[in-house]
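# Survey of secondary and tertiary structure
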Amino acid sequence: MIEVNCSPEIDTKKTVGILKEIARDKMGGWLTLPRKFDMGEFMRIKEAAKKINEESEYLVCIGIGGSYLGHRAIMEALRPKSSTRIIYAGNSLSKRELDYALRCVGDHDFSINIISKSGTTLEPAIAFSAFKRKLIEKYGEEEANSRIYATTDKKEGALHDEAVASGYTRFIVPNNIGGRYSVLTAVGLLPLLVAGVDIDKLLEGAAEAVESAVSPATKYAWMRYALGQKNYDTEVFASFEPSTMYFNEWLKQLFGESEGKNKQGIFPASVIYSTDLHSLGQFMQDGRRNLFETIIDYPTDETNAKVVQAVRIAHTDGGIPVLDIRVSSFDEKGFGELIYFFELACAVSAKLFGVNPFDQPGVEAYKNELKRLMTKE
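Residues numbered from 1 in each chain as written. Predicted model: local features only at pLDDT ≥ 70, side-chain atom pairs only at ≥ 80, totals over all residues. Heavy atoms only, no water.

### Let's talk about a nonpolar patch on the surface
On the surface, Leu93, Ile126 and Tyr366 cluster together into a nonpolar patch covering about 270 Å² of accessible area. The topology assignment puts leucine 93 in the loop between strand S3 (85–89) and helix H4 (95–105). (Patch = residues over 30% accessible without salt bridge, like charges linked within 9 Å, V, L, I, M, F, W, Y side chains within 5 Å. Areas by Shrake-Rupley, 256 points an atom, 1.4 Å probe, with all protein chains shown as cover. Salt bridge = Lys/Arg side-chain N within 4 Å of Asp/Glu carboxyl O. Helix = DSSP H or I, 4+ residues; strand = E, 2+ residues; numbered from the N terminus.)

This is the structure:
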């Protein structure tokens with residue numbers, strides 16, 4: 001059970017209306033996913049993960065944004081054990097990073113999980129081309145194709161068409177779930193299972209949150225909205241566990257892409273304490289009072305708990321509104337619950353600010369401009 005330590009004024013009628021809007025939205029499939037997962041797809045994910053573990057020392061996960069941040073967040077936090085190491089590629093246009101990933105794989109046995117709904121996003125397309133070439137050089141085209149797992153659209157798109165033509169094993173990015181809400185689909189479950197994460201428990205935690213997370217998520221959403229109305233325009237997600245850095249990155253994408261439209265929304269930032277107390281702590285304590293802090297309080301050791309307490313007292317005394325989100329357990333079940341909680345809170349919060357939680361027109365603008373410049377060159 002996730003606990004939130006705020007008591008905002010809540011318009012119950014408006015909240016119910018928002019929840020109904022989300023449920024009716026064509027991109028609201030994540031809302032019931034944990035309890036309605038396609039079990040045929042689930043078993044295929046388990047079969048594929050077993051094959052990858054048996055024949056590959058590395059799985060190269062190629063994707064950007066929601067195609068990699070969510071599952072990397074869980075993987076980095078839990079640090080599971082597996083015979084197969086996960087390497088990430090295709091999340092930037094840096095040739096130096098791509099060359100480094102290729103060198104890491106070296107002559108080891110490997111497979112590829114290319115994650116892209118369309119297959120045309122430039123960053124993963126470039127990385128996929130490089131690793132597919134390496135795969136073919138090592139194994140020949142037929143075996144290389146058997147080592148490629150494409151998570152993409154069910155019916156159309158460049159990657160879908162290539163996967164069908166080449167016989168890649170395919171998994172589905174549901175049409176009613178956007179990338180940043182997709183971690184509990186095949187997008188996240190296949191690489192997580194290969195890495196050694198118990199995806200049954202992950203979905204179990206999310207399924208329980210379908211009911212248990214509604215009240216704390218809506219409270220948190222209303223509190224964010226109330227603070228936003230008082231010109232607190234920056235939210236700092238604070239964690240005290242270094243391994244949760246990528247979870248903070250997922251949160252920044254989730255809230256940034258969902259809320260940042262029509263000159264609305266709260267800017268998401270993050271810190272890892274106590275490390276960042278020795279770099280950003282001065283600003284947090286004494287800087288501009290346009291920000292509020294959301295402490296994600298994971299179960300931790302006694303010393304770290306004292307740091308949490310000290311930060312909460314000092315920053316509150318310094319004039320920062322501090323919200324507490326207490327997580328039930330630091331394991332797959334706890335993270336399943338936490339993912340669902342934040343997805344729901346974010347969708348409700350965006351609706352309160354009057355924006356669509358499920359589109360990203362600004363990202364599309366950048367993509368279109370990049371395509372124009374690349375074509376011109």
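### Side note on the packing of aromatic side chains
Two aromatic rings, taken as a pair, are described by how far apart their centres are and by the angle between their planes. Scanning all chains against the criterion turns up 25 aromatic pairs. Measuring from ring centre to ring centre gives 5.6 Å for phenylalanine 237 and phenylalanine 255, while their planes differ by 40°; the resulting arrangement is tilted. Here phenylalanine 237, found in strand S7 (residues 234–239), pairs with phenylalanine 255, found in helix H11 (residues 245–259); they are 18 residues apart in sequence, far enough to count as distant. Pair check on accessibility: phenylalanine 237 and phenylalanine 255 agree, each one buried. Cluster of aromatic residues (ring-pair linked, three or more members): Tyr220, Phe237, Phe247, Trp250, Phe255, Tyr298, Phe330, Phe335, Phe341 and Phe342. Here the basic side chain of arginine 147 rests over the ring of tyrosine 139, its NZ or CZ set 4.0 Å away from the ring centre. (Phe/Tyr/Trp six-rings, centres within 6.5 Å; stacked < 30°, edge-to-face > 60°. Buried < 20%, exposed > 50% of the residue type's maximum accessible area, 1.4 Å probe, protein only. Lys NZ or Arg CZ within 6 Å of the ring centre and 35° of its normal.)

### Some details on the packing of helix H1 (residues 12–24) against helix H14 (residues 332–352)
Between H1 and H14, the shortest axis-to-axis distance is 10 Å and the interhelical angle comes to 110°. Compared by their axis directions, H1 and H14 come out roughly perpendicular. Judged by the sense of rotation from one axis to the other, the crossing of H1 with H14 is right-handed. On H14, the residues touching Lys14, Ile18, Leu19, Glu21 and Ile22 of H1 are Leu344, Ala347, Val348, Lys351 and Leu352. Residues belonging to the contact of H1 with H14 are distributed by class as follows: 7 nonpolar, no polar and 3 charged. (Axes fitted to C-alpha atoms, helices over the stretch in contact; angles between N-to-C directions. Parallel < 35°, antiparallel > 145°, perpendicular 65-115°, else oblique. Left-handed = near helix turned anticlockwise from the far one by under 90°. Contact = heavy atoms within 4.5 Å. Nonpolar A, V, L, I, M, F, W, Y, C, P; charged D, E, K, R; others polar.)

### Remarks on the sheet that holds strand S1 (residues 3–4)
Whenever strands of a sheet pair, they do so through backbone hydrogen bonds, lying parallel or antiparallel. As summarised here, the arrangement of the 5 strands in space is S1-S10-S9-S7-S8, forming an open sheet in which the pairing is mixed. The sheet is open, and its two edges are formed by S1 and strand S8 (267–272), each paired on a single side. Relative to the sheet, helix H13 (residues 302–317) contacts strand S9 (291–297) and strand S10 (322–326), its axis offset from that of S9 by approximately 165°. (Pairing = 2+ DSSP bridges.)

### Notes on unusual backbone geometry
Working note: non-glycine residues mostly have negative phi, and peptide bonds are mostly trans. The omega torsion across tyrosine 273 and serine 274 is 10°, close enough to zero to call that bond cis. Summarising the element assignment, serine 274 is placed in the loop between S8 and helix H12 (281–286). Phi angles above zero are rare outside glycine, and asparagine 231 is one such case at about 70°. Mapping asparagine 231 onto the fold places it in the loop between helix H10 (214–229) and S7. Taking relative accessible area as the criterion, asparagine 231 reaches 63% and is therefore assigned exposed. Phi is positive for lysine 263, which is not a glycine, with a value near 60°. Of note, lysine 263 is situated in the loop between H11 and S8.

### Quick notes on the side chain of serine 56
Among the secondary structure elements, serine 56 is positioned in the loop between helix H2 (39–55) and strand S2 (58–62). If sequence neighbours within four positions are ignored, serine 56 has contacts with Ser83, Thr84, Asp109, Phe110, Ser111 and Arg147.

### Some thoughts on the side chain of glutamate 123
Mapped onto the secondary structure, glutamate 123 falls in helix H5 (residues 122–139). Residue classification places glutamate 123 among the buried residues on the basis of a relative accessible area of 9%. With near-sequence residues (within four places) excluded, glutamate 123 lies in contact with Ile64, Gly90, Ser92, Leu93 and Tyr366.

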